[in-house]
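Residue-level structure breakdown
If you want the building blocks of each chain, they are given just below.
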Amino acid sequence: SISFDGREPVEAVLAKAQAAVDGGVESIWLACHLFQRDPIVTASVLMSRYPGLKITLVAISPYVVHPVHAAMAAATLDEFFPGRISLCLGVGAPADLANVGVETPAPLGPMRESLQICRALFMGETVEHKGKRFKSSGRALSSGRHDIPLLLAASGPKMLQLAGTHADGVLLSAGASVEFVRWSLTQVSTNPLPNNFQRHGLVYASVADDTKTAFDRVRRVLATTLRGEHHRHNLELAGSKLDQAAVNDAFNADNTDAADRLISDEIVEHHAAAGAPETFRSQIAAYQAAGLDNAVLASMRTPEQIATVLAALNAPV
């Protein structure tokens, strides 16, 4: 699986999708970032072009898309392309939500309600839900039952536990260290999980014969991601030393080069799968050994980078 973040022009998305399919990718995860390209529209285009390609919508925030509407969108795509769509809910990027004046105090309750509503609708049930945040009374999806995997993007312990009790799978954040993946999955499995529960994780991927080139490609995305306060525990578990305040100051000053310089080689080694092909494969294996069923490869900016990463992944050992 690979992911697209919605920031590319549509021509670039189509070129990258072609490279992905040519490289044997079976599933593309489409991120939902406010003010970027819409993942639902993109999903319909890609599934029309590539029969058999599966799409996961990531991570639709109920704070900006009502869970009924999120379920409607996924169910409609499932009608057109049966068995090829998954829905991943998540609180949403704090900066995106702040841009539209949305606050997310105590998000655990609203996320639980959203999962319950989507689950009931996918089951074909008439929903009677009167929660603190959401209400849905006496209605069902007109298209009936849909076997759509329902996932939750989570990072904190309570949200991870919610994924284990209310979703079909969990999606861990990009930039996670192997140690953080292992810790996160222990939180998910606080209660017994069904046998088909899926453990997914976004993994920044970069491959080049020259290690510096491979590392440099992921410094910016790591700086963007790891500056968030919610990644402090992730950094601590990996033993990574990062001045998050300094990274934030660099971004606020529009000095992204300075932010890049704060991402040391050690941080890249701990929080991405990057380097020569052998190193890349070794790191992917480490993420799988930590418990991931599926490493969703992220951060490749061009079709050429996608082809290089997939060639390294598929190379005979």
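The text that follows walks through the structure, step by step, so that each part is easy to find. (Residues numbered from 1 in each chain as written. Predicted model: local features only at pLDDT ≥ 70, side-chain atom pairs only at ≥ 80, totals over all residues. Heavy atoms only, no water.)

1. Quick look at the overall build of the chain
Note the threshold: Only runs of H or I of at least four residues qualify as helices and only runs of E of at least two qualify as strands under DSSP, and these elements are numbered from the N terminus. As defined in this context, the radius of gyration uses C-alpha atoms, and a globule is described by 2.2 Å times the residue total to the power 0.38. For every residue, the accessible area obtained with a 1.4 Å probe (protein chains only) is divided by the maximum for its type, and the residue is called buried under 20%, exposed over 50%, and partly exposed between those limits. Reported accessibility uses the Shrake-Rupley method at a 1.4 Å probe radius. Residues are deemed covered only where the shown protein chains occlude them.
A tally of regular secondary structure across the chain gives 14 helices and eleven strands. For the chain, whose C-alpha radius of gyration is 19 Å, the value lies close to the compact-globule estimate of 20 Å for 317 residues. When each of the 317 residues of the chain is scored for burial, the buried share is 49%. As displayed, the chain offers around 14,500 Å² of accessible surface, 52% of which is attributable to carbon and sulfur atoms.

2. Regarding the environment of A295
We count it as follows: Here, two residues are considered to be in contact whenever any of their heavy atoms come within 4.5 Å of each other.
Mapped onto the secondary structure, A295 falls in strand 11 (residues 294-298). Since its relative accessible area comes to 10%, A295 is described here as buried. Separated by 117 residues in sequence, A295 and V178 place their C-alpha atoms 12 Å apart. Aside from chain neighbours lying at most four places away, what touches A295 is S1, G201, V203 and I284.

3. Details of the pattern of salt bridges
Rules: Should a side-chain nitrogen of Lys or Arg be within 4 Å of a carboxyl oxygen of Asp or Glu, the pair is scored as a salt bridge.
Going through the model one piece at a time under the given rule, you end up with twelve salt bridges. Across the salt bridge formed by E8 and K16, the nearest N and O atoms sit 2.4 Å from each other. With relative accessibility at 5%, the residue E8 sits in the buried group. For K16, a relative accessible area of 2% gives the class buried. Note that E229 is salt-bridged to R232, the shortest N-O span being 2.9 Å. Classification of R232 by relative accessible area gives partly exposed; the value is 38%.

4. Re a nonpolar patch on the surface
Note the cut-off: Residues qualify for a patch when their relative accessible area is over 30% and they have no salt bridge, like charges being joined within 9 Å and the nonpolar side chains of Val, Leu, Ile, Met, Phe, Trp and Tyr within 5 Å.
Side chains of F35, V64 and V100 sit close together on the surface and give an oily, nonpolar patch of about 290 Å² of accessible area. Structurally, F35 is set in the loop between strand 2 (27-31) and helix 2 (39-49).

5. Quick notes on the layout of surface pockets
Our working rule: Using a 1 Å grid laid over the protein atoms alone, points where a 1.4 Å probe fits but cannot get out form a cavity; open sets with protein on both sides within 12 Å along at least 5 of 7 lines form a pocket; any residue with an atom within 4 Å of a point counts as lining. Grid points are joined across faces, edges and corners, and a volume is the space filled by probe spheres set on the points. Following the grouping adopted for this structure description, the nonpolar residues are Ala, Val, Leu, Ile, Met, Phe, Trp, Tyr, Cys and Pro, the charged ones are Asp, Glu, Lys and Arg, and the polar ones are all others, Gly among them.
The space that makes up the second largest pocket amounts to roughly 450 Å³. Lining the second largest pocket are 21 residues, and of these K54, S86, P149, Q198 and H200 lie nearest its centre. Residue assignment for the lining of the second largest pocket shows that the elements contributing at least two residues are strand 2, strand 3 (54-60), strand 4 (85-89) and strand 9 (198-207). The element best represented in the lining of the second largest pocket is strand 3, accounting for three residues. Grouping the amino acids of the lining of the second largest pocket by side-chain chemistry returns six nonpolar, ten polar and five charged.

6. Some words on helix 6 (residues 157-166)
Within the span of helix 6, buried status applies to M159, L160, L162, A163 and G164. Those residues of helix 6 hidden inside the fold are in contact with helix 5 (108-122), strand 7 (150-153), strand 8 (169-172) and helix 7 (178-188).

7. A closer look at the packing of helix 3 (residues 67-80) against helix 5
We apply this condition: Orientation is described by lines fitted to C-alpha atoms, with helices fitted over the stretch in contact, and by angles between N-to-C directions that extend from 0 to 180 degrees. Oblique is the label for every angle not falling under 35 degrees (roughly parallel), over 145 degrees (roughly antiparallel), or within 65 to 115 degrees (roughly perpendicular). Handedness of a helix crossing follows the sense of rotation of the near helix relative to the far helix, less than a right angle counterclockwise being left-handed and clockwise being right-handed.
Direction vectors running N to C along helix 3 and helix 5 enclose 40°, while the axes themselves pass 9 Å from each other. If you check the angle between helix 3 and helix 5, you find them oblique. Once helix 3 is placed against helix 5, the crossing between them reads as right-handed. Across from P67, V68, A71 and A74 in helix 3, the residues of helix 5 making contact are S114, I117, C118, L121 and F122. The class makeup of the residues in the contact of helix 3 with helix 5 is eight nonpolar, one polar and no charged.

8. A short note on the packing of helix 5 against helix 6
Orientation of helix 5 relative to helix 6, taken along the N-to-C sense of each, is 15°, at an axis distance of 11 Å. By the angle between their directions, the pair helix 5 and helix 6 is classed as roughly parallel. In the crossing of helix 5 with helix 6, the sense of the turn from one axis to the other is right-handed. Together, L108, M111, R112, L115, Q116 and R119 of helix 5 and K158, M159, L162 and H166 of helix 6 make up the contact between the two elements. Here the contact of helix 5 with helix 6 is built from residues that sort into five nonpolar, two polar and three charged.

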